[in-house]
Amino acid sequence: MKKYLLFLSLAISVASFAQAPPQGINYQAVARNSSGSPLISASLDVQFSVWDAASGGSMLFTETHTGIATNVYGLFTAVIGSVNTGAFSSINWAAGTRFLEVSVDDGTGLVSMGRL
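A. Fine view of the environment of F88. Tracing the backbone shows F88 in helix 2 (residues 85–89). Judged by relative accessible area, which is 2%, F88 ranks as buried. In this view, F88 contacts P22, Q23, G24, I25, F61, I80, G81 and W93; residues no more than four positions away in its chain are not counted.

So, in structure tokens, the structure goes:
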């Protein structure tokens, strides 16, 4: 009986943990110029926006990470939700499909990379 109760309490705690909304989303990409070459050791501003539709729709969240450095391969990383934490935590992820739009500024202006 004790083993059953231990298993049941463990299963409930794991199920409860699995339902928690994300505290942030790890994001990693290679920044490239219009010719397709990686932006090596560059400083970028990256804007992340969460939408409720693939095109049009309402923007649910946006934040801009400034001064992100790329490495020798053009790779950069960011945690979505680490700058605008209040708005990120208020996204209702269960209300339907959400779409992420990423925009990058390498000093020539903000350019959308698309919304997926």
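B. Geometry of the environment of T85. If you trace the backbone, T85 turns up in helix 2. T85 gets classed as partly exposed once you look at its relative accessible area, which sits at 46%. Taking the C-alpha atoms as reference points, T85 and F61, 24 residues apart in sequence, are found 9.9 Å from one another.

C. Region of the structure containing the side chain of R98. Within the secondary structure, R98 is located in the loop between helix 2 and strand 5 (99–105). Here R98 is buried and forms no salt bridge, its nearest opposite-charge partner D52 lying at an N-O distance of 5.3 Å. A distance of 2.7 Å separates a polar side-chain atom of R98 from the backbone oxygen of N92.

D. Up close: the nonpolar core. Counting 17 residues, the largest nonpolar core has L44, V46, F48, F61 and F76 as its most contacted members. Elements that contribute at least two residues to this core include exactly strand 2 (43–51), strand 3 (59–69), strand 4 (75–80) and strand 5. The element best represented in this core is strand 2, accounting for 4 residues. F48 has contacts with Y27, F61, T62, E63, H65, A78, I80, L100, E101 and V102, leaving out every residue within four places of it along the chain.

Rules of the game
- Residues numbered from 1 in each chain as written.
- Predicted model: local features only at pLDDT ≥ 70, side-chain atom pairs only at ≥ 80, totals over all residues.
- Heavy atoms only, no water.
- Helix = DSSP H or I, 4+ residues; strand = E, 2+ residues; numbered from the N terminus.
- Buried < 20%, exposed > 50% of the residue type's maximum accessible area, 1.4 Å probe, protein only.
- Contact = heavy atoms within 4.5 Å.
- Lys, Arg positive; Asp, Glu negative; His and termini not counted.
- Salt bridge = Lys/Arg side-chain N within 4 Å of Asp/Glu carboxyl O.
- Polar contact = N/O pair within 3.5 Å; in protein donor to acceptor, adjacent residues only side chain to side chain.
- Core = buried A, V, L, I, M, F, W, Y, C linked by side-chain atoms within 4.5 Å.

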